[in-house]
Each structure stands twice: as structure tokens, then as C-alpha cells.
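Take a look at the letters that make up each chain.
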Amino acid sequence: MLSCSSAFQRVAFMLMAPKLKPQKLHQIAETGAEQLVKKARTMSTQSSMKDAFSTYADYLNNFNEKRERVVKASRDITMNSKKVIFQVHRLSKDNKEEVLEKAGKDLEAVREQHFARLMKELQGTDFWKLRRAFSPGVQEYVEAATFYNFCLSGTLSTLDEINATLLPLSEPSMEPLQINILDYILGLADLTGELMRMAIGRISDGEIEFAQRICQFVRQIHRELMLVVPKMDDSYDMKSKMEVMLQSVIKIENACFSVHVRGSEYIPLLGDDAPTSYLFGGADLE
């Protein structure tokens, strides 16, 4: 129990304490309410930003994972397309049917196994977003397909013909994905290097007429692309490849010229009855 003096002191302190006016009490109540509203608004804003950034993070993670799958598919296409090119380089007048049959099956396997996997990943705008990731593989495939067709029929596969072979790989309910013109031209530029190597090899085997046909064919490709490249927007890669292509043309021309002028010093020329154009069935390439 408090003593009397303590009780009086407590009463005196309460009387001396400043009394808040009703208006002041109302302001305090309003300030407290505003603080609660601001706090709730801040928490809501932070939650909204967190959800947005979480969505962005999920998108980027999924996109990076897709990019890795696309890069892997492109590498598989590149590796197996090179195998087709190596197989075609084994051509000779004695094994044409066997080698081309094997190369055709290998090229079909590249489409059905690896190209199909790539096409499933490239839907909508992802085709252009990821072009740099899969372009090397597509260029190598174009190089292999055109090289195979050239040795099979002596003609150049067009972009429409190559894309026609890819149509069965697309789902009917979705828009078919096709090789674009830029990757086709870049792959075509690489084709001339393989033709140069084949021409040199055929000259060493005595296939002079075939090497001359390759020379005409490569010169025609180079001439046509010289008209196209200056009009291309994204032509940096193409310009560098044009320089390599020109070197290939010069090497084939020099080899054919050397054989024409000093052929007896290089190889024993084949007789008139030898099949010097076995890859084309005797048909003119011009």
C-alpha cells in the first residue's frame, strides 16, 4: 500500500502533465493510419517487384537452358555433317554407288536425329534470338547437303530443295521452320573449299575433265555471289569467306592450268575410253 505522501505526489504529477487537445489526438490517429497505409503499400510494392524479378529470372534460366540444348544440337549437326563430307571425299570411279549410298543415309540420319531435335527448340521468336547459337551447324549441314548432291547429279541444291527435305520434321500443327537465306549462302561459300580439295584429288587420280568441271562450277558460284554479297546487310562473315573462296578458285585454276600445259610431267593422262566424268554420268554441267 502506497503512503499518503506518495499518493499525493502521483496526483500532483498527473495534474502537472500536459493535456493533449482533441485536435492533436485526431492528428496523431491520422498519422498512425497513414503510416500503416504506407507500410502496407510498401510491402505490396516490394512483393510485386519480387514477383516480377522472379518471373524474369525464371525466363532467363529457361532461355539459357534452351540455348545450351541448341548449342549441343548444333555441335552434333556439325560433327555428323563433317562425317558426310569425309564420306563423299572417298569417291572414285570404282566405288561411286557405294559411297554415295552411304553418304545419303548418313545425311538422312543427320536430319532425322539431330536436325529434328534442333527444330523442336526453335519455335516463335526463338529462331532469331538463338540464330548465332545454331548457325554454324546449319551452315555445315548446307555444305554437306550441297556437296553430296553435286557429286550425285552435278547440280547445285537450291534453298527450296534443302528446305523441302526438312518439312517432314515439323509438327503439322506448327509453322514449319526453314533454313534462312543467309545461312544457306554462308554454307554455299564453304562448299567451294570442299570442291577445291576434291578437284585437286581428282587431278592426282587422272580425272582431268572432272576437275575442269569443278573449276567452272566454283567460278560460277563465286561470280554469282560477288553480285549478292555487297547487297547483304549482315555481310561481315560473308566477306571473309569470299576471300577464302577466291583462293579456292585460284588454286583450282592453277592446278588445271598446270595439268593442261605440263600434264605429262604430273600424271599419265587417261585414254579416250576412260570414264573421266564418272560422277556426272557423262552429262554436261554447264
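Bear in mind the structure is a predicted one, so any value in this text is a computation, not a measurement.

Draft legend 1. The nonpolar core, seen in detail. Counting residues in each nonpolar core, the largest one holds 67 residues, and the members touching the most others are Val88, Tyr141, Ile179, Ile214 and Met238. Of all the elements in the fold, those that place two or more residues in this core are helix H2 (22-88), helix H3 (96-121), helix H5 (131-153), helix H6 (159-166), helix H7 (181-204), helix H8 (208-228) and helix H9 (236-266). Looking at which element gives the most residues to this core, the answer is H7, with 12 residues. Taken together, domain 1 (67-179) and domain 2 (180-264) each give at least three residues to this core, which thus spans both.

Draft legend 2. Here's a closer look at the environment of aspartate 76. Residue position: aspartate 76 is located in helix H2. By relative accessible area, aspartate 76 is classed as buried at 10%. Sequence-distant contacts of aspartate 76, defined by excluding residues within four places in its chain, comprise His114 and Arg117.

Draft legend 3. Quick peek at the confidence of the model for the protein chain. Summary statistics for the protein chain give a mean pLDDT of 78 and a share of 72% for residues scoring 70 or more. Low confidence marks residues 11-17, where pLDDT is under 50. Its contacts with residues over four positions away, or in another chain, come to 0 contacts. Segment residues 268-286 is flagged for pLDDT under 50; beyond a separation of four residues in sequence, or across chains, it makes 40 contacts in the model.

Draft legend 4. Just the packing of H3 against H5, in detail. Two numbers describe how H3 lies on H5: the axes approach to 11 Å, and their chain directions differ by 155°. Classified by the interaxial angle, the pair formed by H3 and H5 is roughly antiparallel. In this structure, H3 meets H5 at a crossing whose hand is left-handed. Facing H3, whose interface residues are Leu100, Ala103, Gly104, Leu107, Val110, Arg111, Phe115 and Leu118, H5 presents Phe134, Val138, Tyr141, Ala144, Ala145, Tyr148, Cys151 and Leu152. By residue class, the composition of the contact of H3 with H5 is 14 nonpolar, 1 polar and 1 charged.

About the cut-offs
Residues numbered from 1 in each chain as written. Predicted model: local features only at pLDDT ≥ 70, side-chain atom pairs only at ≥ 80, totals over all residues. Heavy atoms only, no water. Core = buried A, V, L, I, M, F, W, Y, C linked by side-chain atoms within 4.5 Å. Buried < 20%, exposed > 50% of the residue type's maximum accessible area, 1.4 Å probe, protein only. Helix = DSSP H or I, 4+ residues; strand = E, 2+ residues; numbered from the N terminus. Domains from an automatic or database assignment. Contact = heavy atoms within 4.5 Å. pLDDT = per-residue confidence, 0-100. Axes fitted to C-alpha atoms, helices over the stretch in contact; angles between N-to-C directions. Parallel < 35°, antiparallel > 145°, perpendicular 65-115°, else oblique. Left-handed = near helix turned anticlockwise from the far one by under 90°. Nonpolar A, V, L, I, M, F, W, Y, C, P; charged D, E, K, R; others polar.

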